[in-house]
Amino acid sequence: MGSASSQSFTGGWVQGEEEEEGEEEVVARGSGVCKWFNVRMGFGFLSMSSRDGAPLEEPLDVFVHQSKLHMEGFRSLREGEPVVFTFKKSSKGLESLLVTGPNGAPCLGSERRPKSSQKRRSKSDRCYNCGEPGHHAKECQLPPQPKKCHCCQSVSHMVANCPVKAQQQQQQQLRLSSGSQGTASSRGDEEEEQSQATFSEN
């Protein structure tokens, strides 16, 4: 309790007195709520209101990483969620070691998900073996299927040697080159008109 008053706050971390070398790591228990949690980065801070069963005069910030959360699936916390945790004092401040809900229950977690994981999940919903949605290749009931070209789905070649893709790339290059020539010629015409206008004025 007395050590809490000697701690200073910097950048969200609780900075305490420097631990002496060789001092054993002290693990304490705390309870409080989630102050904030970044679901994309996978970390946040807990606001500790009670330490080892004794209420604190002022809440303390305790760092939390998603790997320390007791829950299934995507691990996160929602703001204001009640938590119970063990923590230690590190060189950066107070860090949680294991975070659960009240009475050791799994954490509830946030309803938010990072956009990148949602994209990955939708892409992986299709089987790479048969191409059907709803299962993955390791769960596919069909025997291993022949490899197919990703562009035209032919089994006779892979995408690196695909004639359809090569033709599409040639057409795209022609469009780009003709588009750049057209803009260059129109710029030249404009410059010529401007130079003629300046001569006529003089």
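This is a predicted model, so every value here is computed, not measured.

Caption draft 1: Geometry of the pattern of salt bridges. Following the criterion strictly, the structure yields one salt bridge and no others. Among the ionic pairs, Asp61 bridges to Lys35, the shortest N-O distance being 3.1 Å. Residue Asp61 is located in strand E5 (residues 54–65), and its partner Lys35 is located in strand E3 (residues 27–38); the two are separated by 26 residues in the primary sequence. Residue classification places Asp61 among the buried positions, given a relative accessible area of 10%. The class for Lys35 is partly exposed, based on a relative accessible area of 39%.

Caption draft 2: Looking closely at the nonpolar core. In this structure, Leu46, Met48, Leu69, Leu77, Phe85 and Val99 are the most contacted members of the largest nonpolar core, which totals 19 residues. Looking at this core, the elements that each hand over two or more residues are E3, strand E4 (43–51), E5, strand E6 (82–90) and strand E7 (93–100). For this core, the element with the most residues is E5, which contributes four residues. In this view, Leu69 contacts Phe37, Val64, Arg75, Ser76, Leu77, Val99 and Cys107; residues no more than four positions away in its chain are not counted.

Caption draft 3: A look at the layout of surface pockets. Volume-wise, the largest pocket comes out at about 440 Å³. In the lining of the largest pocket, the residues fall into seven nonpolar, five polar and four charged.

Caption draft 4: Representation of the packing of aromatic side chains in the model. Applying the stated criterion to the full structure yields five aromatic pairs. When the ring of Trp36 is compared with that of Phe45, the centres are 5.6 Å apart and the planes differ by 50 degrees; the resulting orientation is tilted.

Caption draft 5: Quick look at the side chain of Ser90. Tracing the chain through its elements places Ser90 in strand E6. A distance of 2.6 Å separates a polar atom in the side chain of Ser90 from a polar atom in the side chain of Glu95.

Caption draft 6: Just the pairing of E4, in detail. Examined bridge by bridge, E3 and E4 share eight bridges and lie antiparallel to one another. Looking at the pairing, Asn38 lines up with Phe43 of E4. With eight bridges connecting them, E4 and E5 associate as antiparallel partners. By the bridge assignment, Ser50 is partnered in E5 with Pro55. Here E4 folds back onto E5 in antiparallel fashion, the turn holding two residues, of which Asp52 has a positive phi close to 50 degrees.

Caption draft 7: Structural view of the pairing of E7. Looking at chain direction, E6 and E7 are connected through seven bridges and run antiparallel. Paired with Phe87 across the two strands is Ser96, which belongs to E7.

Caption draft 8: Structural context of the UniProt feature "domain: CCHC-type" (unreviewed entry) in the protein chain. Residues annotated by UniProt as "domain: CCHC-type" (unreviewed entry) correspond here to residues 126–140. Counted over residues 126–140, helix gives 0% and strand 0%. Its end C-alpha atoms are 10 Å apart.

Caption draft 9: Representation of unusual backbone geometry. The backbone of Asp52 sits at a positive phi, close to 50 degrees, despite the residue not being glycine. Relative to the assigned elements, Asp52 resides in the loop between E4 and E5. Here Asn103, not a glycine, exhibits a phi torsion of approximately 60 degrees, which is positive. Within the fold, Asn103 resides in the loop between E7 and helix H2 (115–123). Using a relative accessible area of 82% as the deciding quantity, one classes Asn103 as exposed.

What counts and how
- Residues numbered from 1 in each chain as written.
- Predicted model: local features only at pLDDT ≥ 70, side-chain atom pairs only at ≥ 80, totals over all residues.
- Heavy atoms only, no water.
- Salt bridge = Lys/Arg side-chain N within 4 Å of Asp/Glu carboxyl O.
- Helix = DSSP H or I, 4+ residues; strand = E, 2+ residues; numbered from the N terminus.
- Buried < 20%, exposed > 50% of the residue type's maximum accessible area, 1.4 Å probe, protein only.
- Core = buried A, V, L, I, M, F, W, Y, C linked by side-chain atoms within 4.5 Å.
- Contact = heavy atoms within 4.5 Å.
- 1 Å grid on protein atoms, 1.4 Å probe; cavity = no way out; pocket = protein on both sides within 12 Å on 5 of 7 lines; lining within 4 Å.
- Points joined across faces, edges and corners; volume = space filled by probe spheres on them.
- Nonpolar A, V, L, I, M, F, W, Y, C, P; charged D, E, K, R; others polar.
- Phe/Tyr/Trp six-rings, centres within 6.5 Å; stacked < 30°, edge-to-face > 60°.
- Polar contact = N/O pair within 3.5 Å; in protein donor to acceptor, adjacent residues only side chain to side chain.
- Pairing = 2+ DSSP bridges.
- UniProt positions renumbered as here; feature names shortened; annotations may be inferred.

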